[in-house]
Amino acid sequence: MKTSKDKSKNLATPGKPMSQDEFVSLIKEAEDGEFMTLEESKRKFNEWRLQRKK
């Protein structure tokens, strides 16, 4: 069995390489975003589910 000594630098979707710096910057950007409470996310999910049934 062959093993690779080089670690994969692909931190994203296979076939779309991304550097660690780019990955960290995207995480920081997401952390600055808006977060919903559990109740808000449940309400939005139920609204989405009802719209899908129509």
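Conventions we followed
- Residues numbered from 1 in each chain as written.
- Predicted model: local features only at pLDDT ≥ 70, side-chain atom pairs only at ≥ 80, totals over all residues.
- Heavy atoms only, no water.
- Helix = DSSP H or I, 4+ residues; strand = E, 2+ residues; numbered from the N terminus.
- Areas by Shrake-Rupley, 256 points an atom, 1.4 Å probe, with all protein chains shown as cover.
- Salt bridge = Lys/Arg side-chain N within 4 Å of Asp/Glu carboxyl O.
- Buried < 20%, exposed > 50% of the residue type's maximum accessible area, 1.4 Å probe, protein only.

Undergrad: I'm lost on the overall build of the protein chain in this one. Help?
TA: Looking only at helices and strands, one finds two helices and zero strands in the protein chain. Here the protein chain displays about 5900 Å² of accessible surface, and carbon together with sulfur accounts for 54% of that area.

Undergrad: Sorry if this is basic, but what is going on with the pattern of salt bridges here?
TA: Should their charged atoms come close, side chains of opposite charge can pair. All chains considered together, the criterion is met by one salt bridge. One salt bridge in this structure joins Glu-47 and Arg-43, with 3.2 Å as the shortest N-O distance. Residue Glu-47 and its partner Arg-43 are located together in helix H2 (residues 38–53), separated by four residues, close to a single helical turn. The class of Arg-43 is partly exposed, set by a relative accessible area of 45%.

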